[in-house]
Amino acid sequence: MISKIILITVLAIGANCLYLPYEYSRPIGYVTDFDLEQPIESVHPILIRDRRQVHGVANTNPDGTANIMAKLPLAGNDKNILSAIGSVQGVKPGGSFGAASGGLALDNVNGHGLSLTGKHIPDFGNQLTAAGKMNLLHTDKHDFNANAFATRNLPSNPAIPNFNTYGGGVDYTFNQKVGASLGMAHTPLLQKTDYSAMGNLNLFRNPTSSLDFSAGAAKSVSPFIPNRSWQPTLGLSFSKYF
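These figures come from a predicted structure and were not determined experimentally. (Residues numbered from 1 in each chain as written. Predicted model: local features only at pLDDT ≥ 70, side-chain atom pairs only at ≥ 80, totals over all residues. Heavy atoms only, no water.)

Draft legend 1. Region of the structure containing the pairing of strand 10 (residues 192–206). With ten bridges joining them, strand 9 (residues 178–187) and strand 10 adopt antiparallel strand pairing. Within strand 10, the residue paired with Gly179 across the bridge is Asn200. Joining the antiparallel neighbours strand 9 and strand 10 is a turn of four residues, in which Gln191 adopts a positive phi near 50°. Pairing between strand 10 and strand 11 (residues 209–221): 13 bridges, direction antiparallel. When the sheet's bridge partners are listed, Phe204 is paired in strand 11 with Leu211. Where strand 10 folds back on strand 11, the antiparallel hairpin that results is connected by two residues. (Pairing = 2+ DSSP bridges. Helix = DSSP H or I, 4+ residues; strand = E, 2+ residues; numbered from the N terminus.)

Draft legend 2. Structural context of the environment of Phe97. Summarising the element assignment, Phe97 is placed in the loop between strand 3 (80–91) and strand 4 (99–108). For Phe97, a relative accessible area of 34% translates into the label partly exposed. Put simply, Phe97 and Ile121 are 24 residues apart on the chain and 8.6 Å apart in space, counted from C-alpha to C-alpha. With residues near it in sequence (within four places) discarded, Phe97 still touches Val88, Gln89, Gly90, Val91 and Pro122. (Buried < 20%, exposed > 50% of the residue type's maximum accessible area, 1.4 Å probe, protein only. Contact = heavy atoms within 4.5 Å.)

Nothing here speaks to function; it is all geometry.
See the structure below:
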């Protein structure tokens, strides 16, 4: 049932001509960073100022690691744009990283989007993710989106079979300052469903940087995790755009 709902959502997004405006400062697509030990993580916005230039963002994580993301527009017009995207997550001072990914994103001026990305996670294996986003409301003050993803997990350990993860969620932002999101991801092989509820407050923003505070809770439900309660999460992230 979950897979059918997500498939219908992605098809509906595709039917609405999917591209972002060059100045649209929302996520590239939905979540492409599903972590088996965590619920859903959102992709940080990458501002698109010129379709012929590379743009990206570097931001910090609460654990002291950093993420670096870039977007290179390849082709487009005044409504549609196709870009190459890449990122490295969980970068540590010594040069090691938690994951690296690359792929393509298709964006629409109305705020809809699709992406297809491949991801390598050291000590785990690879992932292939198709994600989509539909903008349901966009005004000067309000921004409301629905999103969905499907991931094929390809573990490097031959004893672990390939398996799928499906998920989706909604996010709302008021006046580009205060936001909230709800997310869910399900992994049938593990009989595990992850839920997340997050809030975000922008403390500072200018054209080249942003400081954000986030707080929320996450919960995993599985026959193998009895009586798992909601776990609080807090974070402060500084982002530098380039």
